[in-house]
Amino acid sequence: MRLVLGLLAALALAVPSPARAETLVAVPSTSVVNISSNFAGTDITVFGSIERDRATVSRASEYHLAVMMFGPRETVVTRRKERTFGLWINRGARTYVDVPSFYAVLTNVPIAQVATPEVLKRYQVGIEHLLLPERLDGDAPAEPGDAGFRSAFLRLKLRTGLYHELPGAVSFLTGNLFRATIPIPANVPVGTYRIEVRLFQEGVPLAEQATSVVVSKTGFEQFTYDLAFTQPVVYGIITVLVALFTGWLAGVIFRRD
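Residues numbered from 1 in each chain as written. Predicted model: local features only at pLDDT ≥ 70, side-chain atom pairs only at ≥ 80, totals over all residues. Heavy atoms only, no water.

1. Notes on the overall build of the protein
The secondary structure content of the protein amounts to five helices and 13 strands. Intrachain contacts of the protein at a sequence separation of at least 6 include 69% that bridge at least 24 residues. Carbon and sulfur atoms make up 60% of the accessible area of the protein, which amounts to about 15800 Å² in all. (Helix = DSSP H or I, 4+ residues; strand = E, 2+ residues; numbered from the N terminus. Contact = heavy atoms within 4.5 Å. Areas by Shrake-Rupley, 256 points an atom, 1.4 Å probe, with all protein chains shown as cover.)

2. Notes on the packing of aromatic side chains
All chains considered together, the criterion is met by eight aromatic pairs. Centre to centre, the rings of Phe153 and Tyr163 are 6.1 Å apart; their planes meet at 80°, and the pair counts as edge-to-face. Within this pair, whereas Phe153 is found in helix H3 (residues 147-159), its partner Tyr163 is found in strand S9 (residues 163-167), the two being separated by ten residues in sequence. The pair Phe153 / Tyr163 is uniform in exposure class, with both members buried. With 6.3 Å between their ring centres and 65° between their planes, Phe172 and Phe178 make a pair best called edge-to-face. (Phe/Tyr/Trp six-rings, centres within 6.5 Å; stacked < 30°, edge-to-face > 60°. Buried < 20%, exposed > 50% of the residue type's maximum accessible area, 1.4 Å probe, protein only.)

3. Regarding the nonpolar core
Judged by nonpolar contacts, the single largest core of 54 residues is most densely connected at Val67, Met69, Ile182 and Val197. Among the elements that take part in this core, strand S4 (residues 64-70) stands out by supplying six residues, more than any other. (Core = buried A, V, L, I, M, F, W, Y, C linked by side-chain atoms within 4.5 Å.)

4. A short note on the sheet that holds S9
By definition, the strands of a sheet pair up through backbone hydrogen bonds, in either a parallel or an antiparallel sense. With respect to topology, six strands assemble into an open sheet ordered S2-S13-S12-S4-S7-S9, the strand pairing being mixed. Unpaired on one side and paired on the other, strand S2 (32-35) and S9 mark the two borders of the sheet. Adjacent strand axes in the sheet meet at a mean angle of 15° when their direction is disregarded. Of the pairings in the sheet, the one linking S4 to strand S12 (residues 191-201) comprises seven bridges and is antiparallel in character. Pairing of Met69 across the sheet is with Ile195, part of S12. (Pairing = 2+ DSSP bridges. Axes fitted to C-alpha atoms, helices over the stretch in contact; angles between N-to-C directions.)

5. Looking at the side chain of Thr78
By the element assignment, Thr78 lies in strand S5 (residues 73-84). Filtering out sequence-adjacent residues up to four positions away, Thr78 remains in contact with Gly92, Ala93, Arg94, Tyr96, Phe149, Ala152 and Phe153.

6. Describing the sheet that holds strand S10 (residues 170-172)
Spatially, S1-S3-S11-S10 is the arrangement adopted by the four strands of the open sheet, whose pairing is antiparallel. Here the strands that pair on one side only, and so sit at the sheet edges, are strand S1 (22-28) and S10. Ignoring which end each strand starts from, the neighbouring axes of this sheet average 25° apart. Across eight bridges, strand S3 (residues 42-52) lies against strand S11 (residues 177-184) in antiparallel orientation. Across the sheet, Gly48 pairs through a bridge with Phe178, a residue of S11.

7. So, unusual backbone geometry
Note on backbone geometry: most residues besides glycine have negative phi, and most peptide bonds are trans. Positive phi, close to 55°, is recorded for Gln124, a residue that is not glycine. With phi around 55°, Glu202 is a residue other than glycine that occupies positive phi space. Assignment of secondary structure puts Glu202 in the loop between S12 and strand S13 (204-217). On the accessibility criterion, Glu202 (62% relative accessible area) is exposed.

8. What about a nonpolar patch on the surface?
Together, Phe245, Trp248, Leu249, Val252, Ile253 and Phe254 make up a nonpolar patch on the protein surface, roughly 670 Å² of accessible area in all. With respect to the helices and strands, the residue Phe245 is situated in helix H5 (residues 232-253). (Patch = residues over 30% accessible without salt bridge, like charges linked within 9 Å, V, L, I, M, F, W, Y side chains within 5 Å. Salt bridge = Lys/Arg side-chain N within 4 Å of Asp/Glu carboxyl O.)

9. Topic: the confidence of the model for the protein
Of all residues in the protein, 79% have pLDDT values of 70 or greater, and the mean over the chain is 82. When the elements of the protein are averaged for pLDDT, helix H1 (residues 2-14) gives the smallest value, 42, and strand S7 (residues 103-107) the largest, 97. In this model, residues 3-19 is a region of pLDDT below 50 whose contacts with residues beyond four sequence positions or in other chains number one contact. (pLDDT = per-residue confidence, 0-100.)

10. With respect to the side chain of Glu196
Relative to the assigned elements, Glu196 resides in strand S12. Side-chain polar atoms of Glu196 contact the side chain of Arg194, separated by 2.8 Å. At 3.4 Å, the side chain of Glu196 and the side chain of Arg198 are in polar contact. In contact with Glu196, other than residues within four places in its own chain, are Ala66, Val67, Met68, Phe70, Gln209 and Ala210. (Polar contact = N/O pair within 3.5 Å; in protein donor to acceptor, adjacent residues only side chain to side chain.)

11. Quick word on the pattern of salt bridges
Counting across every chain of the model gives five salt bridges. Lys157 serves as the salt-bridge partner of Glu74, at 2.7 Å between the closest nitrogen and oxygen. Within this pair, whereas Glu74 is found in strand S5, its partner Lys157 is found in helix H3, the two being separated by 83 residues in sequence. When its relative accessible area of 25% is taken as the criterion, Glu74 is described as partly exposed.

The following block contains the structure:
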């Protein structure tokens, strides 16, 4: 019996797994975005192709593509103010934990046509399906479903240009070659960004590929950024000294004698 089981296991390992019919090859136009003093935003273009197995026949329906870019994770507190005795005070808050500081999704068709809502939520395709883990004041997890806080958080992100939803922004150059241009605003946070390209057909995920892009500061901006986060005491002392010197210099220049 042990010998039979061993032969069956060896046979199962020896049987090759079926080849994937489609594979994705996608490359961003740059792997590093440098932020300098005159940085006013830029674009990252993702070029890619859909490779089919030689034995695979052409599919009857068209391909649907979703190109997503996730920024470094952050924790954000969304507060709600209410008027009490003539004063606006904070009456509630939600803490969103490990949410993307930047998010962009580009598709070649309306997002609702890419896949079913369950599949879109599984892969976070679209702002509506973006996962935003919540936490109440303290460490207790919050009950999800407060649409007010979620919509306020998304509205602020959209207003600052850090969240984008661009249906129709993925264009096919040929039957298999595609291109997608992701806008990067001037206020983009630094860090490592993840770009995910997902291929769907009739709502079924067929292939995916992920790559990364690094956004970093350069020159004097990088020096002050590193100083502020690695040596906050020294940065504070220098800031106070510069403010005192600037005030003294302004007094000398505009002194009336």
